[in-house]
Amino acid sequence: MLDGTEDEEKFLAAGIAGLQQNSFYMHRALDSNNLRDALKYSAQMLSELRTSKLSPHKYYELYMRAFDQLRKLEMFFEEETRRGCSIIDLYELVQHAGNILPRLYLLCTVGSVYIKSKEAPAKDVLKDLVEMCRGIQHPVRGLFLRSYLSQVSRDKLPDIGSEYEGDADTVSDAVEFVLQNFTEMNKLWVRMQHQGPAREKEKREKERSELRDLVGKNLHVLSQIEGVDLDMYKDIVLPRVLEQVVNCKDELAQFYLMDCIIQVFPDEYHLQTLDVLLGACPQLQPSVDIKTVLSQLMERLSHYAASSAEVLPEFLQVEAFAKLSNAIGRVIEAQPDMPTLGVVTLYSSLLTFTLHVHPDRLDYADQVLGACVRKLSGKGKIEDSKATKQVVALLSAPLEKYNDIMTALKLSNYPRVLEYLDVPTIRVMATVIIQSIMKNGTRISTSDKVEALFELIKGLIKDSDGTSNDKLDEDDFKEEQNSVARLIQMFYNDDPEEMLKIIETVRKHILAGGPKRLPFTVPPLVFCSLKLVRQLQGQEENPFGDDASTTPKKIFQLLNQIIETLSGIPVPELALQLYLQCAEAANDCELEPVAYEFFTQAYILYEEEISDSRAQITCIHLIIGTLQRMHVFGVENRDTLTHKATGYSAKLLKKPDQCRAVYACSHLFWVEDHDNMKDGERVLLCLKRALRIANAAQQMANAARGSTGSVMLFIEILNKYLYFFEKGNPQITVASIQSLIELIMNEMQSDSTTSDPAAEAFLASTMRYVQFQKQKGGAVGEKYEPIKYEPIKA
Amino acid sequence: MPSRRRTLLKVIILGDSGVGKTSLMNQYVNKKFSNQYKATIGADFLTKEVQFEDRLFTLQIWDTAGQERFQSLGVAFYRGADCCVLVYDVNSMKSFENLNNWRDEFLIQASPSDPENFPFVVIGNKIDIDGGNSRVVSEKKARAWCASKGNIPYFETSAKEGVNVEEAFQCIAKDALKSGEEEELYLPDTIDVGNSSQQRSTGCEC
Ligand SMILES: Nc1nc2c(ncn2[C@@H]2O[C@H](COP(=O)(O)OP(=O)(O)O)[C@@H](O)[C@H]2O)c(=O)[nH]1
Ligand SMILES: [Mg+2]
């Protein structure tokens, strides 16, 4: 025996050299039609296959080379017979080869020609050959010799339709030959484990594993024999093969051959012989990985079921589900120590099977999950990561099959299986569920369903008892919470009563989520509620409606409470934004006090909570923008709110920000389409105030030499002037515009300002607009005509 | 080689399991097709006599298992191939994408003398399914891939209905023949007879 692969390479090279040398002489003999020399050198060539020094892999390489040479010899034999040499004589002649191994290879080769010549029935020649091969009992050499026999006889089996077809029993003859060869090969293969010293067992098992396909190949050949119908498969082929499998009592062989049987024979046959096949399982060695065998069977049958609806009746007819389910139960019972992975793999395969075969039988699916729960119970959370993955696969299967979470929600055992997952995996599963909902655009339409769904995804909704999320990656957390947010948008019912119930259910659950989650979950809930408000808004409120009915007012109350929950976190900017959204919705519902209340809340937050100057800027612009769109307010309320907004604007930290906020406020006094909300004077006041601030900013900039001036601000204000001028605000005169332009020109030319290309471009485009309006002619052109402008010469 | 002309052409069929390798071979050699799925184990061949320009050849067509677990002995049988057929299922993108791997693996394992010009033929099978409606690999895409790999001849077949199978194998035989003849030209079947090392112990007495 060898240790190094290097030595092995050397032996292989030597074997190849010997083989090539003899094949050279063999060829020469063939070319000169010298039969004796041909036999002599081919026998010598084949002697190389007598080596014991090669692993199966390397031996196979050598064998393939000999194999190729033998094809040439075979053709030569054919030519010989055509030239008048008797095939029977040839068959005798090759038996004179000195060594048995070369002799048998030659015999098989001639045998192949013999069958082709049809001078004897194929079955007789084959029977002779398969018997003769008993002469080789060395496992590796025997296995290769027999696979040679199998190969050369492959297209000469006397099966139906073959040109070697014999009498009535012709198929049986073909089957018998292959079965016999298979039996002998399996024996050689199994026996191999007992040969050689015990310490090399591992190496031997590896070599045996490499050899497995030589044995399995026979089953493939059996499956290809034309004329093996179901009866013959049931009565002869399967029992004979299983007999070998069971009796050999060898783990490797049993596992592999079961796999082969499952893969090489057709699905219809498996279905019709399920009892027999499943019945063999408990008879296998306890160490055989039955769960994989059964899983592969179920996987295969699932594929078959999925291939066409026409085959489903076959499954029902043989009660495949019950049989598989029982078989699994028995296996699990017989192996109390089966690891969780095994258990879950089995149930997972069975679930996939039933989903494909009995898509209408949710009770079956639930049964499978229930059986799985029973097996898992009492063992605590699953710790094995592979088993965990398998549970995820198990739970994902119904989602994939039905593309509908609603169906999974009907499986009472579904959440119970979830319980056995660890916290991170529960979260993964929740994400899978949400993704399925999003992908399929599933509407969740009742509060009960929402309730059930939240039960499934609670891993994302709140911290689980005793464990914190500290370890969770910040990005992952965000991703998860964003997916929850998207999910909330999928809750919808046309009926306002039910929708309100849904909203209340969601609220109940997300409130448990704690300060880290609320900023993600409150906004979608707010928008969901506002959607309901919009839906109700069109409808006349029933003046006689009882208190229980859903009204916008009621929802706004709820909204107030919902947003209120953000106060403790605190995320004042977000809360402020949401209040403003609500205010706008209340505006559209013509609910002035409600809208005013929301604004007040927003203002309180602005005054008390928002201290960061950037946040202030964002918020003030939001406030101005929203306020501008409000039409519900009476003069008094409106005055209060606009007054405050201008006040906030003027108090921003930096002058330029003040300036911009203040000129933005000008729009609060001039709302298009609302003539009672047009106050030209106050517009002008705002703009003037903005100008003063810009001036102050300019002076500060000049004082701090080097910093760019605020000429930009002036141009921005000029644009506001032009806007209101165009909208017909009588307070904005040509003269005021003209003087503003001059101011800007002066500023730009003054020595103390460094040139600012952006400002120049902005001014130029502003003035181009003026020019453009002039050229329009008509009323507009006339209006703009008096505005004069001389560009600065560079 | 004085008189014996080469008449055996070796062809290897590769591709993912289930694409129809066995069915193509059975359709071509035996004119038979079965809807049943039966996995192939290991590798073996069927032969078919073909005539080409008045000469008879034997095509030795090797069918293989697409699954690794049924290819336990390796791929020594690639050796000496004259043509390699790469099969995919036009209804499976994965099987098409894997053609690259199959081609690479073949070139590495078979190490033909001139890999650049080794003849491949690509077959897109199962075009009959669903009247072509479930097809996911377009002919254009497949042809583009073939073009990028040195203008590999391309055929679309249905092993089930026998469409284009004969034509594909005609081309396979022709390419195999060409490559076989070239090989003969460059690699005359001579070996170094002088360098013999007969003094090696062989195995037991069987
Ligand atoms: N409809 C159709 N089915 C095919 C075709 N070729 C093969 N099949 C089926 O596809 C499955 C796999 O075929 P097979 O030849 O065993 O694939 P292999 O694993 O590549 O050898 C079998 O069920 C065949 O009946 C074809 O051209 N059309
Ligand atoms: Mg196959």
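Residues numbered from 1 in each chain as written. Chains lettered and ligands numbered in written order. Predicted model: local features only at pLDDT ≥ 70, side-chain atom pairs only at ≥ 80, totals over all residues. Heavy atoms only, no water.

**Overview of the site of ligand 1**
All names here are of chain B. The condition is simple: We call a residue near a given molecule or strand whenever any one of its heavy atoms falls within 4 Å of it. Definition of a polar contact: a pair of N or O atoms within 3.5 Å, with one able to donate and the other able to accept a hydrogen when the atoms are protein atoms, and with sequence-neighbouring residues admitted only if both atoms are side-chain atoms. Each accessible area is a Shrake-Rupley estimate made with a 1.4 Å probe; only the visible protein chains count as cover when residues are assessed. Secondary structure follows DSSP: runs of H or I at least 4 residues long count as helices, runs of E at least 2 residues long count as strands, and numbering of each begins at the N terminus. Basically, the charged four are Asp, Glu, Lys and Arg, the nonpolar ten are Ala, Val, Leu, Ile, Met, Phe, Trp, Tyr, Cys and Pro, and anything else, Gly included, counts as polar.
Taken together, 21 residues form the shell around ligand 1, and within it Gly18, Thr22, Ser23, Ser34 and Asp128 come nearest. A distance of 3.3 Å separates an oxygen atom of ligand 1 from a polar atom in the backbone of Val19. In this structure, Ser34 approaches ligand 1 through a main-chain N or O atom, which is 2.7 Å from an oxygen atom. Coverage of ligand 1 by the protein amounts to 91% of the 570 Å² it exposes when considered alone. The greatest single-element share of the shell around ligand 1, amounting to three residues, is contributed by helix α1 (residues 21-30). Tallied by class, residues from the shell around ligand 1 come to five nonpolar, 10 polar and six charged.

**Examining helix α36 (residues 734-749) of chain A**
All names here are of chain A. So the rule is basically this: Here a helix's expected span is defined as the number of its residues, less one, multiplied by 1.5 Å. Each residue gets one of three labels from its accessible area relative to the maximum for its type: buried under 20%, exposed over 50%, partly exposed in between, using a 1.4 Å probe on protein chains only. Should any heavy atoms of two residues lie within 4.5 Å, those residues are considered in contact.
In a regular helix each residue adds 1.5 Å, so 16 residues correspond to 22 Å; α36 covers 23 Å between its end C-alpha atoms and thus fits that length. Turning to α36, its buried residues number three or more, namely Ser736, Ile737, Gln738, Leu740, Ile741, Ile744, Met745, Glu747 and Met748. Next to the buried residues of α36 lie α34 (680-703), α35 (711-726) and α37 (757-775).

**Concerning the sheet that holds strand β2 (residues 43-52) of chain B**
The pairing of strands in a sheet happens through backbone hydrogen bonds and is either parallel or antiparallel. Residues and elements named next belong to chain B. Let me state the cut-off plainly: The pairing criterion is simple: DSSP has to find at least two bridges between the two strands. Here, axes are lines fitted to C-alpha atoms. For helices the fit covers the stretch in contact, and angles between N-to-C directions go from 0 to 180 degrees.
In space, the six strands of this open sheet follow the order β2-β3-β1-β4-β5-β6, with mixed pairing throughout. Each edge of the open sheet carries a strand with a single partner, namely β2 and β6 (154-156). Neighbour-to-neighbour, the strand axes of this sheet turn through a mean angle of 25 degrees, independent of strand direction. For strand β1 (residues 8-14) and strand β4 (residues 83-89), the ladder comprises four bridges, and the chain directions are parallel. Bridge pairing in β4 places Leu14 opposite Leu86.

**Let's talk about the domain arrangement of chain A**
All names here are of chain A. Where we set the bar: In this document the domain limits rely on a domain assignment from an automatic tool or a database. What counts as buried area is the accessible surface, traced by a 1.4 Å probe, that two parts surrender upon association, with contributions from both included. Any Lys or Arg side-chain nitrogen located within 4 Å of an Asp or Glu carboxyl oxygen qualifies as a salt bridge.
Taken domain by domain, chain A comprises domain 1 (1-120), domain 2 (121-264) and domain 3 (266-411). Summarising the inter-unit geometry, the C-alpha centres of domain 2 and domain 3 are found 31 Å apart. Counting from both sides, the interface comprises 20 residues of domain 2 and, opposite them, 20 residues of domain 3. For the domain 2 and domain 3 pair, buried surface summed over both sides reaches about 1900 Å², with 72% attributable to carbon and sulfur atoms. Linking domain 2 with domain 3 are zero salt bridges, by the criterion used here. Inspection of the region where domain 2 meets domain 3 yields seven residue pairs in polar contact (both at pLDDT 80 or more). Contributing elements (two or more residues each) for the side of domain 2 that touches domain 3: α10 (230-247) and α11 (251-264).

**Thoughts on the coordination of the magnesium ion (ligand 2)**
Residues and elements named next belong to chain B. Put simply, the test is: Here the coordinating atoms are restricted to nitrogen, oxygen and sulfur within 2.8 Å of the metal centre, or 3.2 Å for Na, K and Ca, and because water is not among them the sites may look incomplete.
Each protein donor to the magnesium ion (ligand 2) is listed here as Thr22 (OG1) and Thr40 (OG1); together their distances run 2.0 to 2.1 Å. One end of the pair, Thr22, is in helix α1; the other, Thr40, is in the loop between α1 and β2, and 18 residues separate them in sequence. Of the two residues examined, Thr22 and Thr40, each falls in the buried class.

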